[in-house]
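A closer look at the structure
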Amino acid sequence: MTTAPSPARDEAPQPSTAPAPSPGRWAPLRPLVLRLHFYAGVLVAPFLLVAAVTGFLYAGAFQAERLVYAHELTVAKPGGTELPISEQVAAARTAHPEGTVSAVRPSPGTDATTRVLLSGVRGVDPGHALAVFVDPCTGQVRGALEQYGSTGALPLRTWIDEFHRDLHLGDTGRLYSELAASWLWVIAGGGLVLWFSRRRALRKVRGTGGRRRTLGLHGTVGLWAAAGFVFLSATGLTWSTYAGANIDELRTSLGQATPSVSAAAGGEHAGHGASAADGAGAAEHGAGIDRVLAAARAEGLSDPVEIVPPADASSAYVVRQVQRSWPEKQDSVAVDPGTGEVTDVLRFADHPILAKLTRWGIDLHTGILFGLVNQIALMLLALALILLIVWGYRMWWQRGRASAFGRPVPRGAWQKVPPQLLVPAVAVIAVVGYFVPLLGIPLAGFVVVDVLLGEIAHRRTRTSAS
């Protein structure tokens, strides 16, 4: 959201009889904010543009996934009596005996299939699972697809998700998205400061042309979308590589980490339950997966749920709700595989407040919390960001076309800021830059380069004058 301090030559300022407003106490900060907004907009905008385009695609991927994989996700004839979950797992294992059962997601509705997730399958990414889709009434296997993450992303959405997160470049690629998230709130906040510090007459769009019209469109759209940008920036940082680790550490130190149900099996029968590798065996030995699911239902865990078999002989089954849409269902229980008794219960209502806010923020960021409405809102925010970037670069062109391309904002703005404002501002920036390193490091780089360019220009001027 790049702006400029003065009208271009083709802008004909309208005469005004109103007296000029007296500068406020924050007026000296405006040139500094303008310079930061300008450079951040010009240099970080390419990363933001990629994030906006890929984010737009991801927001639409949920609906596209339902269409592309309708055969696997739905049953041929809805209704009928469902088979025991153990028989559905057995049908999946008959069709796909490879790997081990890592989780089972029973059909959440009369028209939906059951997912049996297999890990360790040859040809499947180690971090993913092979989802086998089973008709819960007939036991017919409707297909098998690679699945990723707790939201059950299938190949199309997984590809777009990874493109948005790391450009399919792995951990190195994640730096781009963290850089974009680190700077988005700074650019949005700077744009707000510049918008409200301009005189009302200069904010108008109607009846204007040239750079002033572009500036008006840029500022107006940025004003309405700023809150959304700050939200996307903050929630995106919660699961980034470096800032995310600092946030997790801070939450842990405050006792606000996300808790998990204890998966340790209890009682004298611990260690005699079913193997996690075979759902059919789970029906024949120990409590059985059917009894485990019944125990979870008795504790109030309604659909959709995921059943995770014991990891080893001393572990329990874990049954957890996996609904991320509103109202969220995130309760979980542990069930002893030998006795079928519930050994631990964790309610989402008992999670620490920061854990809840993090969960809600991530689900809102990814378009799950409010479904289609949420996804449309994200697509509109992405489109707004794309337009703002295009208008920002256009203003840069219009501002410099009378001389050099994209004349920068004059330097030395910080020298005009009173110490009582500058010192606290620098302290805050230093603290934030430490916890958000992909904001702090580039900002330090901007300052160093700016100082060097200023020194070079100063020496040239002194040399030519002598």
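Rules and cut-offs
Residues numbered from 1 in each chain as written. Predicted model: local features only at pLDDT ≥ 70, side-chain atom pairs only at ≥ 80, totals over all residues. Heavy atoms only, no water. Helix = DSSP H or I, 4+ residues; strand = E, 2+ residues; numbered from the N terminus. Contact = heavy atoms within 4.5 Å. Areas by Shrake-Rupley, 256 points an atom, 1.4 Å probe, with all protein chains shown as cover. Core = buried A, V, L, I, M, F, W, Y, C linked by side-chain atoms within 4.5 Å. Buried < 20%, exposed > 50% of the residue type's maximum accessible area, 1.4 Å probe, protein only. Salt bridge = Lys/Arg side-chain N within 4 Å of Asp/Glu carboxyl O.

Of the regular secondary structure elements, the protein holds 13 helices and eight strands. At a minimum sequence separation of 6, the contacts of the protein that also span at least 24 residues come to 64%. Accessible surface, the protein: about 23,600 Å² in total, of which carbon and sulfur atoms supply 64%.

With that settled, consider the nonpolar core. Counting residues in each nonpolar core, the largest one holds 32 residues, and the members touching the most others are L48, W183, L184, I187, F229 and L385. Per-element accounting of this core gives the leading share, nine residues, to helix α5 (residues 174–197). The residues touching L48, leaving out its near neighbours within four places in the chain, are A180, L184, I187, L385 and I389. Among the nonpolar cores identified, the runner-up in size contains 25 residues, and A92, V124, V132 and V319 belong to it.

Further remarks concern the pattern of salt bridges. Inspection of the entire model under this criterion finds 11 salt bridges. D161 is the salt-bridge partner of R165, the closest N and O atoms lying 3.2 Å from each other. Taken together, the residues span about one helical turn, with R165 and D161 both in helix α4 (residues 155–166) at a distance of four residues. Residue R165 is classed as buried on the basis of its relative accessible area of 15%. By relative accessible area, D161 is classed as buried at 16%. Between D303 and R297 there is a salt bridge, with the nearest N and O atoms lying 2.7 Å from each other. Relative accessible area serves as the criterion here: at 23%, D303 is assigned to the partly exposed category. A network of salt bridges, in which partner residues are shared, links R105, E306 and R320.

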